[in-house]
Amino acid sequence: MVALSIGIAFAVRLLLVLLFLPFSALDKILNFRGAVGQARERVASTGLARALILAGLFVEVVMSAGILTGIADRAAAFVLAGYCGVTALLWKQFWRPGDFWAGGDSKGRGLFWDFLKNVALAGGFLLITFGTGADTVRLFLADPLASSQPYRTTPVSTPVRTSP
């Protein structure tokens, strides 16, 4: 039963980060020029676009690893929630094409669903960050780098810090 509990806890976290690690991170590595080109749609300089893609790659790999291992997982989830929000606002602007209310399939409607997916992912990451109860918000604010100890099988009253 303990192995099943740990396996389910890991699988749930893996489902949350699967989009980023390995898929989006690998796409940024294998298609770096294309990723920079997409970033150039929102920023003026190629240098800044490269920096944004490298920062995104760092966030996707390191924060996903933190969530999977439980090391500073709350802080990592908080960063990924912000990353999802920023990505939604910068690259999923469903209001820009102007065809959202047009009948049938439109670019605006497609972006709208992508926008909502990003917002929903942010919500999932915030559940890791703050937990499911009002008291767990206080625990996060008291020590944001503490682990939620996702693979612990006995009750714990406060998270244990696993990073400096």
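Everything below is about the structure shown above.
Since the model is a prediction, treat every value here as computed from it, not as a measurement.

Novice: Honestly, the pattern of salt bridges in this entry has me stumped. Any pointers?
Specialist: Two side chains bearing opposite charge may form a pair once their charged atoms approach each other closely. Counted by the stated rule, this structure contains three salt bridges. The salt bridge partner of lysine 28 is glutamate 60, with a shortest N-O separation of 2.9 Å. Of the two residues, lysine 28 is situated in helix α2 (residues 19-30) and glutamate 60 in helix α4 (residues 46-69); the sequence distance between them amounts to 32 residues. Note on glutamate 60: relative accessible area 1%, which makes it buried. Across the pair arginine 138 and aspartate 135 runs a salt bridge, and its minimum N-O distance is 3.1 Å. One end of the pair, arginine 138, and the other, aspartate 135, are both in helix α7 (residues 134-142), three residues apart, so they sit about a helical turn from each other. Residue class for arginine 138 comes out partly exposed when judged on its relative accessible area of 49%. Under the relative-accessibility criterion, aspartate 135 is labelled partly exposed at 47%.

Definitions and cut-offs
- Every residue gets a number counted from 1 within its own chain, in the order that chain's sequence is written.
- Whole-chain, interface and lining totals are the exception, using all residues; otherwise, since this is a predicted model, local features are given only for residues with pLDDT of at least 70 and side-chain atom pairs are given and counted only at 80 or more.
- Only heavy atoms go into the side-chain values, all of them from the structure, while hydrogens and water stay out.
- Each salt bridge in this description consists of a side-chain nitrogen of Lys or Arg and a carboxyl oxygen of Asp or Glu lying within 4 Å of one another.
- We count a stretch as a helix when DSSP gives it H or I for four or more residues in a row; a strand needs E for two or more, and each element gets its number in order from the N terminus.
- Whether a residue is buried, partly exposed or exposed follows from its accessible area with a 1.4 Å probe, protein chains only, as a fraction of its type maximum: under 20%, in between, or over 50%, in that order.

Scope: geometric values only; no functional claims are made or implied.
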